[in-house]
Amino acid sequence: MVDEKVVLNLVKSTPGGKHQNEIWKELGIDSRKCSRLLSKLLEQNLVTRESVVYNKVRTYLIKAVDEEAPDTNHLLFAGDVFSPCTGCVGNCVPEACPALTIWIMSLHDNPEELDGCYGFTKIPEIFIEENYETDPGSADYLTSENGFEQNESGEQDIDFSEAI
Amino acid sequence: MVDYNDPLINGYFKRLIGENGITLLKTIPEGEHTDEEMYAMLNPIRKKASDLKVQTKLLKDELKAREKKKSSDDEETDETEIPEKTIEEIEEEIQRNEIEINELKEEAEEKEEEIGLNEIRKILFILSENNFTICKRERDTNSGWLTFRWQLNLVDIEHRLEREKRKLYRNLLRRQEYEKENLFYICPSHCVRLTFDESTEMEFMCPLCGDNLIYEENEIIKELLEKRIGEFQTANPSMFRKDERY
């Protein structure tokens, strides 16, 4: 005989909560009985539920009340460096974001050992021949492509024409 | 009450509004304030100097008006109304004020790091975008002038931190996929980092300095990413899913 205690124990035994459609399948009861048992638990404030989409099906995520949310705040830090995505107003290109690269490198015990070139993963548009011919002055690739405004030395416009 | 010295809170606001923003948050007491009041709280010496400047300007205007009046109707003066201050007294006061203004300016430069009015407004707008302030707008019926009164409201901070974590997690997943799928070539002098396809287009030459590109071993970055993503997933599997779409 499956009662509220069994359901509650199952929910408690799963860290992060359990989906309602999994509970009744696991316990071998029908969904009607499951939802009635859960509504009893909800009335007693022993579980909470939130509407979620799981495997393309809308269901509820059931969590036991006494289960405290784990503290994940430290994960925003890499060493002393706080998440670079906070307050970032550039175009978000994580693949080529220098700030994110520096943050990832700070996860290493000795960041100085790592070799990297801070995420300049795109060829500046000015080096693509067509662009150079049509608009030789367009050196503002830093703002458009890589999603940040200034390079490390604080200069905004770099004259690449000399390099060519 | 939020503890601004907590490394987490401090780090978050430092990224969001910078050092000056944290100074602002620490200085402003609870309640509604206008941006100009905040400026006065943050820069008391400068505020005093600017008030004195306004006062001096008024005195100068009065002086001019009196001299004009004196020259226009010097013969018709009844001398019935006795002026509060004589011209000499006003001149003296102006001189005193100017000396004091200079002293205050010097003092301000030594003691205060100025946070300008524009910067304060910028900080307030960023805070408002992130739902950390309650803003009330009042319109003066006579002049039509708008006054914004700001009140700090940081109760939502836990929720914002959760959002930041999700944002970071999604970006890390995207980066991980990119690092896994590509081979990278870098310039020895760190000008560019290109994928294999891009390097082939550039004939394995650096487009900036012309040096030969070399293969970059990105195993360490991949490991670091995998470790941190794993930490996210084990800490809260329901929030940080493996199949997260970005």
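The following refers to the structure shown.

1. Let's talk about unusual backbone geometry
Residue and element names in this part refer to chain B.
Phase 1 of the analysis: With a phi angle near 60°, N131 is a residue other than glycine that sits in the positive phi range.
Phase 2 of the analysis: Along the chain, N131 falls in the loop between α5 (117-129) and β2 (133-139).
Phase 3 of the analysis: Since its relative accessible area comes to 45%, N131 is described here as partly exposed.
Phase 4 of the analysis: With phi around 55°, F204 is a residue other than glycine that occupies positive phi space.

2. Comments concerning the sheet that holds strand β6 (residues 214-216) of chain B
Residues and elements named next belong to chain B.
Phase 1 of the analysis: With antiparallel pairing, three strands are arranged side by side in an open sheet as β5-β4-β6. The sheet is open, and its two edges are formed by β5 (193-195) and β6, each paired on a single side. Here the average twist between neighbouring strands, direction ignored, is 40°.

3. What to know about the pattern of salt bridges
Phase 1 of the analysis: Per the stated rule, a full pass over the model turns up 19 salt bridges over all chains.
Phase 2 of the analysis: Here K63 of chain A and E50 of chain A are joined by a salt bridge, their closest N and O atoms 3.4 Å apart. Note that K63 of chain A is positioned in strand β3 (residues 57-64) and E50 of chain A in strand β2 (residues 47-54), a separation of 13 residues in sequence.
Phase 3 of the analysis: Where salt bridges share partners, they join E32, E37, K136 and R149 of chain B into one cluster.

4. Comments concerning a negative patch on the surface
Residues and elements named next belong to chain B.
Phase 1 of the analysis: On the surface, a cluster of negative charge is contributed by E67, E88, E89, E91 and E92.
Phase 2 of the analysis: Considering every element that reaches the negative patch, the biggest residue donor is helix α4 (residues 87-111), with four residues.
Phase 3 of the analysis: Structurally, E91 is set in helix α4.

5. Let's talk about the packing of aromatic side chains
Phase 1 of the analysis: Evaluated as defined, the whole model comprises 16 aromatic pairs over all chains.
Phase 2 of the analysis: Geometrically, the ring pair formed by Y185 of chain B and F204 of chain B is edge-to-face, given 5.0 Å between the ring centres and 75° between the ring planes. Of this pair, Y185 of chain B sits in strand β4 (residues 184-186) while F204 of chain B sits in the loop between α7 (196-201) and β6; the two residues are 19 residues apart in sequence, bridging distant segments of the chain.
Phase 3 of the analysis: We classify Y185 of chain B as buried; its relative accessible area is 15%.
Phase 4 of the analysis: Among the aromatic side chains, those forming a connected cluster through ring pairs are F77 and F82 of chain A together with Y4, Y12, F13 and F132 of chain B.
Phase 5 of the analysis: In this structure, K25 of chain A packs its charged tip against the face of W24 of chain A, placed 5.7 Å from the ring centre.
Phase 6 of the analysis: Directly above the aromatic system of Y60 of chain A lies the positively charged group of R49 of chain A, at a separation of 4.1 Å from the ring centroid.

Basis of the calculations
Residues numbered from 1 in each chain as written. Chains lettered and ligands numbered in written order. Predicted model: local features only at pLDDT ≥ 70, side-chain atom pairs only at ≥ 80, totals over all residues. Heavy atoms only, no water. Helix = DSSP H or I, 4+ residues; strand = E, 2+ residues; numbered from the N terminus. Buried < 20%, exposed > 50% of the residue type's maximum accessible area, 1.4 Å probe, protein only. Pairing = 2+ DSSP bridges. Axes fitted to C-alpha atoms, helices over the stretch in contact; angles between N-to-C directions. Salt bridge = Lys/Arg side-chain N within 4 Å of Asp/Glu carboxyl O. Patch = residues over 30% accessible without salt bridge, like charges linked within 9 Å, V, L, I, M, F, W, Y side chains within 5 Å. Areas by Shrake-Rupley, 256 points an atom, 1.4 Å probe, with all protein chains shown as cover. Lys, Arg positive; Asp, Glu negative; His and termini not counted. Charge placed at Lys NZ, Arg CZ, Asp CG, Glu CD. Phe/Tyr/Trp six-rings, centres within 6.5 Å; stacked < 30°, edge-to-face > 60°. Lys NZ or Arg CZ within 6 Å of the ring centre and 35° of its normal.

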